[in-house]
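Coordinates in review
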Amino acid sequence: MPGLQRRLRSRHLQMIASVRGTIGTGLFIGSGSEISYGGPVGAMLAFVFVGTIFSWVTTFALELTATGLIIQYWENSIPIAIFIAVFWVLIVALNLLRVTFYGEIEFWLSSVKVLTIIGFMIFAICINAGVGAEGYFGFRYWVKPGPFNEYLIKDNPALARFVGLWAVMIKAGFAYGGTELIGMAVGEAENPRKAIPSAIRKVFYRIAFFFVFTVVFIGIIVPPNDHRLTASAEGGASGTNANASPLVLAAKRAGVKVLPSLINSVFLTVVLSAANSNVYTASRTLIG
């Protein structure tokens, strides 16, 4: 049985731990339905709370299916099965190469996510200041329809808002999953004694920054009662309907026509990165 080689560097591990494994469809797309369920403040509180206690592992098949659903944003006449087959071959082939190649791919794919989130924050600040088609926002959606949404229960508003908050906590657990991947990379780190503690220390702060602030900005510029937000929950594959992404909706509501396709391209790199790491994790588990 082939042995593991210590060729993953500190910068690889930090991106794999704090960005690659965690930031994905749960934030870019699924956060729309979460804001719809719990309201802007409810969603923010859920992500703040759940980020400290939950983790999960995505599946390879889920991410492959998501690639087809995302590509259908541009072209829906091609069967999803074709995209699943193509990306399955591509990702398996990539994982047959040396681990340094995997580390570099994940580092740069993760960098795309980081740049996208930072770009969205800048975009949201500009839109909130009145650059877009809807004028100045402020915190209008935190006032009307309100900071918390009522969910499922009709005759008890207070309980309905609590249920909405709790529903978002469950979904936030999905979004935060992936930080555990750092443990799978220990055996191939160049200098694990130095690289692993450094990567772990930075995970919490990076994830808290990316998730919480992104959800805050989404809650400011996208109304939680926009019916298109819940389309992610109806699109299958854990909310991979790119049309329902709050990032895409924010761009559409602002009247920016180019951004939706650009953001959707980022979504594709997100799910490919997740699928790539699914294969990496599974193969390292078998090796032990």
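Residues numbered from 1 in each chain as written. Predicted model: local features only at pLDDT ≥ 70, side-chain atom pairs only at ≥ 80, totals over all residues. Heavy atoms only, no water.

Side note on the overall build of the protein
- Of regular secondary structure, the protein possesses 12 helices and zero strands.
- When the helices and strands of the protein are listed from N to C terminus, the series reads α-α-α-α-α-α-α-α-α-α-α-α.
- Out of the 288 residues in the protein, the part that is buried amounts to 52%.
- Taking contacts inside the protein between residues at least 6 apart in sequence as the whole, the part at least 24 apart equals 82%.
- Element-wise, carbon and sulfur atoms account for 68% of the exposed surface of the protein, whose accessible area totals about 12,900 Å². (Helix = DSSP H or I, 4+ residues; strand = E, 2+ residues; numbered from the N terminus. Buried < 20%, exposed > 50% of the residue type's maximum accessible area, 1.4 Å probe, protein only. Contact = heavy atoms within 4.5 Å. Areas by Shrake-Rupley, 256 points an atom, 1.4 Å probe, with all protein chains shown as cover.)

Comments concerning the UniProt feature "transmembrane region" (unreviewed entry) in the protein
- Residues annotated by UniProt as "transmembrane region" (unreviewed entry) correspond here to residues 12–31, 43–66, 78–97, 117–139 and 203–222.
- Secondary structure within residues 78–97 divides into 75% helix and 0% strand; the distance between the first and last C-alpha atoms comes to 30 Å.
- Annotated as 95% helix and 0% strand, the span residues 203–222 places its first and last C-alpha atoms 28 Å apart. (UniProt positions renumbered as here; feature names shortened; annotations may be inferred.)

Details of the pattern of salt bridges
- What the rule picks out here adds up to three salt bridges.
- For Arg 161, the salt bridge identified is with Glu 150, shortest N-O distance 3.6 Å. Separated by 11 residues along the polypeptide, Arg 161 in helix α8 (residues 157–176) and Glu 150 in the loop between α7 (140–143) and α8 bring together distant segments of the chain.
- Taking relative accessible area as the criterion, Glu 150 reaches 45% and is therefore assigned partly exposed.
- Note that Arg 253 and Asp 226 form a salt bridge whose closest N and O atoms lie 3.0 Å from each other. Of this pair, Arg 253 sits in helix α11 (residues 246–254) while Asp 226 sits in the loop between α9 (192–221) and α10 (231–234), placing them 27 residues apart in sequence.
- Overlapping salt bridges bring together Glu 134, Asp 226 and Arg 253 as one network. (Salt bridge = Lys/Arg side-chain N within 4 Å of Asp/Glu carboxyl O.)

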